[in-house]
Amino acid sequence: MDRRSFLTNMSAASLASITGATTLTAKADALEEAMSAELDKRIAMPWACGIEGTPDPIPGDTRPWYQHEDPRLPKMPEAPTLIDFFKMRFAPANHILQSARLAKNNGLDEKIIMACLLHDISVENLVRTDHGYWCAQMIAPYVDEEIAWAIEKHQALRFFADESVGYEYPEAYIRFFGADYEPEPYIVKAYEEAKNHKWYMSSRLITLNDLYSFEEGVEVDVDDFTDIIGRNFKQPKEGLGFDGSPVAHMWRSIIWPNNFL
Ligand SMILES: [Fe+2]
Ligand SMILES: [Fe+2]
C-alpha cells in the first residue's frame, strides 16, 4: 500500500482512532489496523471506483479533489463527438485504432471495422471488468445492433479457439490467468449461444483483428476513420453524455473521470 496516499485519504474514523491512542505502541497498532481495513476495502473496490485526488496538483490550486472540470485534462466541447473522445480522452488508443486499421487492411466490411474501433473503448477509460458488456452498452444507442452484439460477445469468444478461421486461445492468457484457468459458466454460456448465432462471425472477426501487441512504428490517426464513423455512428446532436440516453452517464464519467461523486 502507498503509505502517503493512505495517510492523505484515510477516513475520519481511522484518523480519530490513531490520534486518540495515548501511547506510541497504541498509535502504531491503530495505524496497522486502519491500513489492514483499508487494504480489504481496496481489494473489493472495482477498478472504476479508484479515483484519485490530486497527488500532482496544479500549482496554486489547493482543492483536494478536482470536481467537474479537471485542469489536468483538455476541456471537452459542449457537445462532444466520438472523435472528440478519441482525441481528448482515449488517446493514444493504440490498441483499438490498430485493430480497426487491421480490419480495414483486411478488406472487411465497415460494420466490422467500426466494431474493431469500438470493441475495447471502456478498457482504458471507464471499466475493464466485463468490458465487452460495458463497451457494447456504451455504444448501443448509436450503432447498428449487429455491431453492439458483436462487441458484447467478443468478451466470451476471446476465450475459445476457432480453428476454422485460425483463432487460437491467446497465449497471453496462459501467462495472465494460469494454464488451468477456465472461463466462468456465464462466459461459457454466452459463447455457446453466440456460436450458433447469425452474427457469430462478426464477433469472431473482432477477436481475429484484436491485436495483443502493437505493430512497431505504426501510428494510426482516428481521422482515418472519419468517413466510416460518419456512416456507422449516429452522433447525437446534443453530444455524447448530454443526449438523455440510458448510457449518457457513462460518457459523462469519461468527460469528468475524477468527479468525487
Ligand atoms: Fe476486448
Ligand atoms: Fe481488444
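Trainee: What should I look at first to understand the overall build of the chain in this one?
Mentor: Of regular secondary structure, the chain possesses 13 helices and zero strands. Walking the chain from its N terminus toward its C terminus, one meets helices and strands in the order α-α-α-α-α-α-α-α-α-α-α-α-α. When its C-alpha atoms are laid out on the principal axes, the chain stretches across 70 × 50 × 40 Å. In the chain, buried positions account for 26% of the 261 residues. Sequence-distant contacts in the chain: of pairs separated by 6 or more residues, those separated by 24 or more amount to 67%.

Trainee: Help me understand unusual backbone geometry, please; the structure alone is not making it clear to me.
Mentor: Trans peptide bonds make up the majority, and among non-glycine residues the majority have a negative phi. A cis geometry characterises the amide bond from alanine 91 onward to proline 92, with omega recorded as 10°. Structurally, proline 92 is set in the loop between helix H4 (82–90) and helix H5 (94–105).

Trainee: Could you clarify how one ought to interpret the domain arrangement of the chain in this entry?
Mentor: If you check the domain split of the chain, you get domain 1 (3–45) and domain 2 (82–255). Taking only C-alpha atoms into account, the centre of domain 1 sits 41 Å from that of domain 2.

Trainee: Is there a simple way to think about the nonpolar core in this case?
Mentor: Nonpolar side chains tend toward joint burial in soluble globular proteins. With 42 residues, the main nonpolar core has Ala115 and Ile151 as its most contacted residues. Here the element with the most residues in this core is helix H6 (residues 110–118); it accounts for seven residues. In this structure, alanine 115 is in contact with Ile147, Ala150, Ile151, Ser202 and Ile206, ignoring residues within four places of it in sequence.

Trainee: For this particular structure, what's the right way to read the packing of helix H7 (residues 131–139) against helix H8 (residues 145–157)?
Mentor: To describe two helices that pack against each other, one gives the angle between their axes and the distance between the axes. Closest axis-to-axis distance for the H7/H8 pair is 7 Å, and the angle between their directions is 165°. The orientation of H7 with respect to H8, classified from their angle, is roughly antiparallel. Regarding H7 and H8, the two cross each other, and that crossing is right-handed. Side by side, H7 and H8 meet where His131, Gly132, Tyr133, Cys135, Ala136 and Ile139 of the first sit next to Ala148, Ile151, Glu152, Lys153, His154 and Gln155 of the second. Among the residues making up the contact of H7 with H8, the classes are represented as six nonpolar, four polar and two charged.

Trainee: Explain helix H13 (residues 248–255) here, please?
Mentor: Given 3.6 residues per helical turn, the α-helix brings residues three or four places apart onto the same face. Turning to H13, its buried residues are Met250, Trp251, Ile254 and Ile255. An end-on view of H13 places all buried positions within 145° of arc, on one side of the element. Those residues of H13 hidden inside the fold are in contact with H4 and H7.

Thresholds applied
- Residues numbered from 1 in each chain as written.
- Chains lettered and ligands numbered in written order.
- Predicted model: local features only at pLDDT ≥ 70, side-chain atom pairs only at ≥ 80, totals over all residues.
- Helix = DSSP H or I, 4+ residues; strand = E, 2+ residues; numbered from the N terminus.
- Buried ≥ 20, exposed ≤ 12 C-beta atoms within 10 Å, placed from the backbone.
- Contact = placed C-beta atoms within 7 Å.
- Domains from an automatic or database assignment.
- Core = buried A, V, L, I, M, F, W, Y, C linked by C-beta atoms within 7 Å.
- Axes fitted to C-alpha atoms, helices over the stretch in contact; angles between N-to-C directions.
- Parallel < 35°, antiparallel > 145°, perpendicular 65-115°, else oblique.
- Left-handed = near helix turned anticlockwise from the far one by under 90°.
- Nonpolar A, V, L, I, M, F, W, Y, C, P; charged D, E, K, R; others polar.
- Arc of directions from axis to C-beta.

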